[in-house]
Amino acid sequence: MTVNDTVKFEVADHLATITLNRPEAMNAFNREVYKGLQAAAINIKEHPEIRVVIITGAGERAFSAGMDLKMIAGDGLGAVFAGVYRPGYEQLFALKSLFTAFEELPVPVIAAVNGYCLGAALELSLCCDIRLAVESAVFALPEMALGVIPDLGSTQRLPRIVGIGMAKEMLYTGRRINAQDALRLGLINHIYPQDQLMTEAKKLAEEIAKANPRLMEGAKRATNMSMSIPLDWGLRLETDICQGAGSGQSFGAEARKFIKK
């Protein structure tokens, strides 16, 4: 299945795989890629049999090189939602919300970073729950050198992941971070050889998919909220979500199974 030529969308055994499919352009984001990602997020929401999502890039060079500079030099960023939202703030926030849609999906999302992960691509990966990368992966936010503030969420999400000092360094300098440093900083969870990345990503997805979907959705929502609310509010929210998801009953049933073993 494809949502368009630039984004492949495949579903098998509760796993959806989204592949950015512009290898000739290092999978750079143009209007069609953004529209494809938007369609993929909608598909996932509308198909409750999907329990885990993997996002990766076609080829072995790049997850994505970020924004397609040809698009920016031509019609600009507004080309993505031209005629749909008002120019300026509304168009930019709509684009930002497209990435946020992956963060807010009711299922875990794994980024399998198979090479360069720059600019907007890094900002998309920050919306994923777990990030895996190949040994040759490179991460950077080069926007400042191009005359723009990184504006698709990295000023807010990156400090929550790597700490405010390192986030500022990456934002201010555009410096490239290799996979080993990304692992040390907590930007990624694991490093794998190129030929093992998708195998390991699918193994992790299969492990995650074994959990009760309602509990997984509740756990994701509660954990995401922990990044933006005080601890005491978060503890109360966790209690509310767990009760609503039937966590207590499920725990009792699993405990009984365990005791019988």
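Summarised in this report is the structure supplied together with it. (Residues numbered from 1 in each chain as written. Predicted model: local features only at pLDDT ≥ 70, side-chain atom pairs only at ≥ 80, totals over all residues. Heavy atoms only, no water.)

## Details of the sheet that holds strand β7 (residues 116-118)
Logical step 1: The strand order across the open sheet built from four strands is β5-β7-β9-β10, with neighbouring strands paired in mixed fashion. The open sheet has two edge strands with one neighbour each: β5 (62-64) and β10 (177-178).
Logical step 2: As paired elements, β7 and strand β9 (residues 138-140) share three bridges and run parallel to each other. Its bridge partner being in β9, Leu118 is matched across the sheet by Ala140. (Pairing = 2+ DSSP bridges. Helix = DSSP H or I, 4+ residues; strand = E, 2+ residues; numbered from the N terminus.)

## Regarding helix α8 (residues 197-209)
The periodicity of an α-helix, 3.6 residues per turn, causes residues three or four positions apart to be oriented the same way.
Logical step 1: Given a rise of 1.5 Å per residue, 13 residues ought to cover 18 Å, and the 18 Å separating the end C-alpha atoms of α8 matches this to within 8%.
Logical step 2: Taken together, the buried positions of α8 are Leu197, Glu200, Ala201, Ala205, Ile208 and Ala209.
Logical step 3: Buried-residue contacts for α8 involve β3 (15-20), β4 (52-57), β6 (109-113), β8 (130-134), β11 (190-192) and α9 (213-225). (Expected span 1.5 Å × (residues − 1). Buried < 20%, exposed > 50% of the residue type's maximum accessible area, 1.4 Å probe, protein only. Contact = heavy atoms within 4.5 Å.)

## Notes on the nonpolar core
For soluble globular proteins, the rule of thumb is that nonpolar side chains tend to be buried together.
Logical step 1: If you look at the biggest cluster of nonpolar residues, it comprises 65 residues, and the most contacted ones within it are Ile18, Tyr34 and Phe139.
Logical step 2: The biggest single contributor to this core is helix α1 (residues 31-46), with six residues. (Core = buried A, V, L, I, M, F, W, Y, C linked by side-chain atoms within 4.5 Å.)

## Let's talk about a nonpolar patch on the surface
Logical step 1: Residues Leu69, Leu146 and Val148 make up a contiguous nonpolar surface patch of roughly 280 Å² in combined accessible area.
Logical step 2: One can find Leu146 in the loop between β9 and α5 (154-162). (Patch = residues over 30% accessible without salt bridge, like charges linked within 9 Å, V, L, I, M, F, W, Y side chains within 5 Å. Areas by Shrake-Rupley, 256 points an atom, 1.4 Å probe, with all protein chains shown as cover. Salt bridge = Lys/Arg side-chain N within 4 Å of Asp/Glu carboxyl O.)

## A few points about the side chain of Arg157
Logical step 1: Relative to the assigned elements, Arg157 resides in helix α5.
Logical step 2: At 3.0 Å, the side chain of Arg157 forms a polar contact with the side chain of Thr100. (Polar contact = N/O pair within 3.5 Å; in protein donor to acceptor, adjacent residues only side chain to side chain.)

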